[in-house]
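# Architecture and fold: a report
Residues per chain, in single letters:
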Amino acid sequence: MKHSTFLLFTLPSLSVMFLFIAIPIVSVFIQSLHIEHKQVIIVSENCDPFGCETTTSVDTEASAKLKEKAPLGKFNGFKTYSNRMHFAFDEIGEAWNSSDSFIVFVKKIYNYPLYRALSFTLTYTFVVTPFVLFLGFLVALGVNNLPKLLKGPTIFASLLPMIVTPLVGSLILFWMVDGDGVIGATLQKLFNDNSLSLKASPVLTWVMLMVYGIWHLMPFSFIVFYAGLQTVPHETIEAATIDGASKFQRTRHVVIPHLMPLAIFITLILLMDNFRVFEPIISFRAEAHATSISWLIWNHLRESAYPLYNAAGATSMITIFCVGILLLPVLIRTWRDFNEKNKG
Amino acid sequence: MNTKIENKLTPVRIIAFVFVALWLIVAMFPFIWTLWGSFKVQADFFSKADWANAIFGFHTEKQTGNFFTIDGYYGSWIEEEFWRAVINTSIVVFFTVLISLTFGTLGGYALARSTYRYAFWILMAGLIFRAMPHMTLVSGYLQPFFAWNVWGILPTTIIVLVAINQPFTLWMLHSFFLNIPKDLDESAMCDGCNRFQAFRYVIIPIMWPGVITTGLFSFLLAYNDFTVTSMLLSDENETMIPAIASFLGTVQEEGKVMYAVAAVVSATAPLFFLVMFFQRQIVSGLTAGAVKG
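All values derive from a computational prediction rather than experimental measurement.

### Concerning the overall build of chain A
- Helix and strand counts for chain A stand at 15 helices and 4 strands.
- Relative to the globule expectation of 20 Å for 344 residues, the C-alpha radius of gyration of chain A, 27 Å, shows a markedly less compact shape.
- Taken along the three principal axes of its C-alpha coordinates, chain A extends 110 × 75 × 45 Å.
- In chain A, buried positions account for 35% of the 344 residues.

### A short note on the overall build of chain B
- In terms of helices and strands, chain B carries 16 helices and 0 strands.
- Viewed in the frame of its principal axes, chain B has a C-alpha envelope of about 80 × 75 × 30 Å.
- Looking at chain B as a whole, 46% of its 293 residues qualify as buried.
- Pairs at least 24 residues apart make up 70% of the contacts formed inside chain B by residues separated by at least 6 positions.

### Details of the confidence of the model for chain A
- Per-residue pLDDT for chain A has a mean of 86; in total, 99% of the residues score no lower than 70.
- When pLDDT is averaged over each helix and strand of chain A, the minimum, 74, is found for strand β3 (residues 51–58) of chain A and the maximum, 93, for helix α6 (residues 113–144) of chain A.

### Thoughts on the packing of α6(A) against helix α10 (residues 202–230) of chain A
All names here are of chain A.
- Relative orientation of the contacting elements α6 and α10 amounts to 40 degrees, with a least axis distance of 6 Å. By the angle between their directions, the pair α6 and α10 is classed as oblique. The interaxial crossing formed by α6 with α10 has right-handed handedness.
- Among the residues forming the contact of α6 with α10, the class breakdown is 22 nonpolar, 4 polar and no charged.

### Some details on the interface of chain B and chain A
- Each partner contributes residues to the interface: chain B has 77 residues there, and chain A has 80 residues.
- By residue class, the composition of the side of chain B that touches chain A is 55 nonpolar, 17 polar and 5 charged.

### Section: the domain arrangement of chain B
Residues and elements named next belong to chain B.
- As assigned here, chain B comprises domain 1 (2–75) and domain 2 (81–292).
- Taking the mean C-alpha position of each, domain 1 and domain 2 sit 32 Å from one another.
- With 11 residues of domain 1 at the contact, the number on the domain 2 side is 9 residues.
- Counting residues per element, the ones that place at least two in the side of domain 1 that touches domain 2 are α2 (11–37), α3 (42–45) and α6 (71–79).
- With 4 residues, the top contributor of residues to the side of domain 1 that touches domain 2 is α6.
- Looking at the side of domain 1 that touches domain 2, its residues break down into 4 nonpolar, 6 polar and 1 charged.

### A word on the pairing of β3(A)
Residue and element names in this part refer to chain A.
- β3 sits mainly on the outside: 0 of its 8 residues count as buried.
- Where strand β2 (residues 41–48) meets β3, 8 bridges bridge the pair, whose relative direction is antiparallel. Considered in β3, the bridge of S44 is made with T55.

### Topic: the nonpolar core
- In this structure, I244(B), V261(B), A263(B) and V264(B) are the most contacted members of the largest nonpolar core, which totals 149 residues.
- Setting aside residues no more than four positions away along its own chain, I244(B) makes contact with L167(A), V168(A), A260(B), A263(B), V264(B) and A267(B).

### Remarks on the domain arrangement of chain A
- Domain parsing of chain A yields domain 1 (38–73) and domain 2 (115–294).
- Distance from the C-alpha centre of domain 1 of chain A to the C-alpha centre of domain 2 of chain A: 57 Å.

### Notes on the environment of L118(A)
All names here are of chain A.
- For L118, the position within the fold is in helix α6.
- Looking at L118, the number of C-beta atoms within 10 Å reads 18, which means it is partly exposed.
- In the structure, L118 is positioned 155 residues away from D273 in sequence and 15 Å away in space, judged by C-alpha atoms.

### With respect to the pairing of β2(A)
- With 0 of its 8 residues buried, β2(A) lies for the most part at the surface.
- In sequence, β2(A) turns back onto β3(A) through a hairpin of 2 residues.

### Here we look at unusual backbone geometry
- For R285(A), which is not glycine, the phi dihedral falls at a positive 50 degrees.
- Position of R285(A) among the secondary structure elements: in the loop between α13 (279–283) and α14 (293–302).

### Details of the environment of P242(B)
All names here are of chain B.
- Within the secondary structure, P242 is located in helix α15 (residues 240–251).
- Sequence-wise, P242 and D225 are 17 residues apart; in three dimensions their C-alpha atoms are separated by 8.7 Å.
- Residue contacts for P242: discarding those within four places in its chain leaves F226, T229, S230 and L233.

### Quick notes on the confidence of the model for chain B
Residue and element names in this part refer to chain B.
- Counting all residues, the mean pLDDT for chain B is 86, and 94% of those residues have values of 70 or more.
- Within chain B, helix α1 (residues 2–7) has the poorest average pLDDT of any element, 48, and helix α7 (residues 82–113) the best, 94.
- Here residues 1–5 scores under 50 on pLDDT; set against residues more than four positions off or in separate chains, the count is 0 contacts.

### Overview of the packing of helix α1 (residues 3–32) of chain A against helix α10 (residues 154–178) of chain B
- At their nearest, the axes of α1(A) and α10(B) sit 9 Å apart, and the two run at 120 degrees to each other. The angle between α1(A) and α10(B) falls in the class oblique. Both α1(A) and α10(B) take part in a crossing whose hand is left-handed. Side by side, α1(A) and α10(B) meet where S13(A), V16(A), M17(A), L19(A), F20(A) and I21(A) of the first sit next to I159(B), V160(B), V162(B), A163(B), Q166(B), P167(B) and L170(B) of the second.

### A word on α10(B)
All names here are of chain B.
- With 25 residues, α10 ought to run about 36 Å at 1.5 Å a step, and its terminal C-alpha atoms sit 35 Å apart, in line with that.
- At Q166, α10 shows its largest kink, close to 45 degrees, and the proline P167 lies no more than four residues downstream.
- Among the 25 residues in α10, 19 count as buried, and that is most of the element.

### Observations concerning the environment of D185(B)
Residues and elements named next belong to chain B.
- One can find D185 in helix α11 (residues 182–190).
- Judged by C-beta crowding, with 21 C-beta atoms within 10 Å, D185 ranks as buried.
- Sequence-wise, D185 and A131 are 54 residues apart; in three dimensions their C-alpha atoms are separated by 33 Å.
- Other than its neighbours up to four places away in sequence, D185 contacts A198, F199, V202 and I203.

The rules behind the values
Residues numbered from 1 in each chain as written. Chains lettered and ligands numbered in written order. Predicted model: local features only at pLDDT ≥ 70, side-chain atom pairs only at ≥ 80, totals over all residues. Helix = DSSP H or I, 4+ residues; strand = E, 2+ residues; numbered from the N terminus. Rg over C-alpha atoms; globule rule 2.2 N^0.38 Å. Buried ≥ 20, exposed ≤ 12 C-beta atoms within 10 Å, placed from the backbone. Contact = placed C-beta atoms within 7 Å. pLDDT = per-residue confidence, 0-100. Axes fitted to C-alpha atoms, helices over the stretch in contact; angles between N-to-C directions. Parallel < 35°, antiparallel > 145°, perpendicular 65-115°, else oblique. Left-handed = near helix turned anticlockwise from the far one by under 90°. Nonpolar A, V, L, I, M, F, W, Y, C, P; charged D, E, K, R; others polar. Domains from an automatic or database assignment. Pairing = 2+ DSSP bridges. Core = buried A, V, L, I, M, F, W, Y, C linked by C-beta atoms within 7 Å. Expected span 1.5 Å × (residues − 1). Bend = angle between axes of the 7 residues up to and from the residue.

Rendered as structure tokens:
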């Protein structure tokens, strides 16, 4: 295809991606280096017979002028990254010096928002992903063994938790585990403890969010594995059976190696999706016990009276950096494959 | 003989059967429970005393005279004006899918037919863009959108959703067009067509299966989005999902949780039918990227 034709065909697509994905990333970076102007404050002294009083007022005109001159705010360098909302270097150094044991130190660090969000996001990603892979594979094996008539309805029912909107899906579960909901109330009866609440305990909140994550993403790995199982060569299975391999051995030595590339693909998608976990935290109102990086950015932009663009920008850059690390192995692999293909 | 072996009940098969049955209960029960409960009053749906109340509607019968009520739906759709959100969602989803597919088909076709190195780099950039958490992008939009005064309106959200959708659409349609033999459009070009004519008269008539599958996923992305729509739309232009989220803030305190439950069921129903009618396309779409890559 000629370069000019290629450009014409891809122009709309490339321009929207450039304008709304590439440029925002750059603008987020620039945002993170600046800080809001301080309001210009006028201090005036009023003296009357009873003494002098100083009053402060905001000079709106001067503030507006300052804003017009530099709409991004004051240049702040990397200070936003090191403040207590983010890496909190000073505070960590102090915590290290003042803590007598490592556990106390970790507990102190956990109080800073970024470390809090990072620890939940990473735990969530690395717990949910293997569970989804493993359980999805088991369900796929199970469905493969079902009579043909039942397969269609099973796949239909399995797709629902994944297709449904994350915010809505987690709400549905949230209402069920509520103290008055069907699961919550039943658990209270089972343990004979009327104050048992999944929402009040940090550990149970984490577990609940992860159970939701597994429930939501398992259909995806199930479907992909199930499709993969249909492509396992019959001859190899037959040959293994003739050689005396048991069902388990056939699965272990023929089916699993065949499905390995699929498992890598699923892992990649799951890592990307789990790392941006956000909606369940809103639905479960879990922010007291569990926050994710995406939630942190949302919070910077939404919760305070003025959006904290610099904080949101810095958190976003840290997120992008983490995503880069997650993707690096895949990118290197693809690059190698591509080079080999071109050489051959 | 083969069929005989396949129909025999071995212990392994029984375990598999039980396991799948368990999964089905876990997957389906929440939906059935919420659908049934949305036609009850709050005292039944959140019944601490006895979960059977939610099934038989003990309080519902006491309060409304019938064990079945549509108060929740009336409250959310009419009183809280959920219908506005439904209209907004329809507009956003329709245009997002339409524009995504138009841009994606053109781009995906060109990427599949180009033999140059930059096609590979564009796809790689797409993969990286696909991995960006949407929240990081949204934090970059707000300041410029406020400055240009385009914040809060539907077209802005539509174009942002199209852009976020593009990497995925490009990848999917690219791998789909790779499956259409090159010879088809090349022979058309031998007969004197230029590239655009070949695309118009040869490729467009046969591309619909792939486009429909991709369209389904664009639909899901636009329909399910919360991050972009909740940050970029003003209150009166709100779509369904952020509307449900704001229900939680306002409605829950007034003891009208059932409004939110009804809204949740209303938002899930279209997805239910979507899976019912397009199950085959969704499954093939999920596996398309995987089996080949």
